[in-house]
Amino acid sequence: MNRPIVYTIFIAAVLGLGLLIGYNNIPGEWYQSLAKPAFNPPNWVFAPVWSILYVMIGIAGARIFLDHRRTAAMRLWLAQMILNFLWSPLFFGMQDISSALIVILALVIAVAGFVVASWQRDRLSALVFLPYLAWVAFATALNSAILLMN
């Protein structure tokens with residue numbers, strides 16, 4: 001397999017789908033009207049952070065696909081992508097904070113599971129996921145606080 005092509009496909013697919021889902025689930029008046037905790041970042045922070053994270057997620061996915069595709073790490077990578085892409089439509093699209101919290105809790109578990117599963121086989125992929133794990137943990141706390149405040 002041509003490694004640069006696989007990396008390009010993974011990064012483009014993850015970033016493209018992530019941006020498309022974000023574009024179709026933009027926080028609107030409903031989100032603006034919610035009570036939010038003091039640690040809620042300004043809205044402009046989310047797009048650049050997610051864009052960087054999606055590139056990193058694509059890199060890790062390509063690495064695992066190329067060298068360890070029949071492993072738990074690959075299955076966890078796919079699971080976390082599905083959960084990641086479900087969250088925005090639930091939270092912003094359907095305005096279902098509770099269901100979004102369930103999904104993001106599963107997401108943080110899947111991301112942590114990927115880090116553990118890939119640590120021995122591909123340490124770089126595990127390390128690339130650590131900022132993602134931190135951001136999803138933060139987003140989980142934010143989702144939880146918004147649920148409790150509203």
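In what follows, the accompanying structure is described.

### Observations concerning the overall build of the chain
So, point 1. Each helix and strand in the chain was counted, giving six helices and zero strands.
So, point 2. When its helices and strands are written in sequence order, the chain yields α-α-α-α-α-α.
So, point 3. Over its C-alpha atoms the chain spans a radius of gyration of 16 Å, differing by no more than 12% from the 15 Å that the globule rule assigns to 150 residues.
So, point 4. Over its C-alpha atoms, taken along the principal directions, the chain stretches across nearly 50 × 25 × 20 Å.
So, point 5. Across the 150 residues that make up the chain, the buried fraction comes to 42%.
So, point 6. Considering only residue pairs separated by 6 or more positions, the chain has 78% of its internal contacts joining residues 24 or more positions apart.
So, point 7. For the chain, the distance from the average site of its 8 positive side-chain charges to the average site of its 4 negative ones is 15 Å.

### Considerations on helix α6 (residues 123-149)
One turn of an α-helix holds 3.6 residues; hence residues three or four places apart share an orientation.
So, point 1. Here α6 spans 39 Å end to end across 27 residues, near enough to the 39 Å set by a 1.5 Å rise per residue.
So, point 2. If you look at α6, its biggest bend is around 30°, right at leucine 130, and the proline proline 131 turns up within four residues after that.

### Details of the environment of aspartate 96
So, point 1. With respect to the secondary-structure elements, aspartate 96 resides in the loop between α4 (72-93) and α5 (97-119).
So, point 2. On the basis of relative accessibility, which here comes to 24%, the residue aspartate 96 falls in the partly exposed class.
So, point 3. Along the backbone, aspartate 96 and leucine 147 are 51 residues apart, and their C-alpha atoms lie at a distance of 9.5 Å.
So, point 4. Once residues lying within four places of it in the same chain are set aside, the contact partners of aspartate 96 are Leu90 and Phe91.

### A look at the pattern of salt bridges
So, point 1. Evaluation of the coordinates by the stated rule reveals two salt bridges.
So, point 2. Here arginine 3 makes a salt bridge to aspartate 67, at a shortest N to O gap of 3.0 Å. Of this pair, arginine 3 sits in helix α1 (residues 3-24) while aspartate 67 sits in helix α3 (residues 46-68); the two residues are 64 residues apart in sequence, bridging distant segments of the chain.
So, point 3. Look at arginine 3 and you get partly exposed, because its relative accessible area is 35%.
So, point 4. With its nearest N and O atoms 2.8 Å apart, the salt bridge here joins aspartate 122 to arginine 63. Here aspartate 122, found in the loop between α5 and α6, pairs with arginine 63, found in helix α3; they are 59 residues apart in sequence, far enough to count as distant.

### A look at the packing of aromatic side chains
So, point 1. Under the counting rule described, the total for this entry stands at 16 aromatic pairs.
So, point 2. Measuring from ring centre to ring centre gives 5.5 Å for tryptophan 87 and phenylalanine 92, while their planes differ by 90°; the resulting arrangement is edge-to-face. Across the pair, exposure class does not vary: tryptophan 87 and phenylalanine 92 are buried alike.
So, point 3. An aromatic cluster is present here, built from Trp50, Tyr54, Phe85, Phe114, Phe129 and Tyr132 joined pairwise through their rings.
So, point 4. Against the face of tyrosine 31 rests lysine 36, its NZ or CZ located 4.6 Å from the ring centre.
So, point 5. The ring of phenylalanine 65 is capped by arginine 69, whose NZ or CZ atom sits 4.1 Å from the centre of that ring.

Calculation criteria
Residues numbered from 1 in each chain as written. Predicted model: local features only at pLDDT ≥ 70, side-chain atom pairs only at ≥ 80, totals over all residues. Heavy atoms only, no water. Helix = DSSP H or I, 4+ residues; strand = E, 2+ residues; numbered from the N terminus. Rg over C-alpha atoms; globule rule 2.2 N^0.38 Å. Buried < 20%, exposed > 50% of the residue type's maximum accessible area, 1.4 Å probe, protein only. Contact = heavy atoms within 4.5 Å. Lys, Arg positive; Asp, Glu negative; His and termini not counted. Charge placed at Lys NZ, Arg CZ, Asp CG, Glu CD. Expected span 1.5 Å × (residues − 1). Bend = angle between axes of the 7 residues up to and from the residue. Salt bridge = Lys/Arg side-chain N within 4 Å of Asp/Glu carboxyl O. Phe/Tyr/Trp six-rings, centres within 6.5 Å; stacked < 30°, edge-to-face > 60°. Lys NZ or Arg CZ within 6 Å of the ring centre and 35° of its normal.

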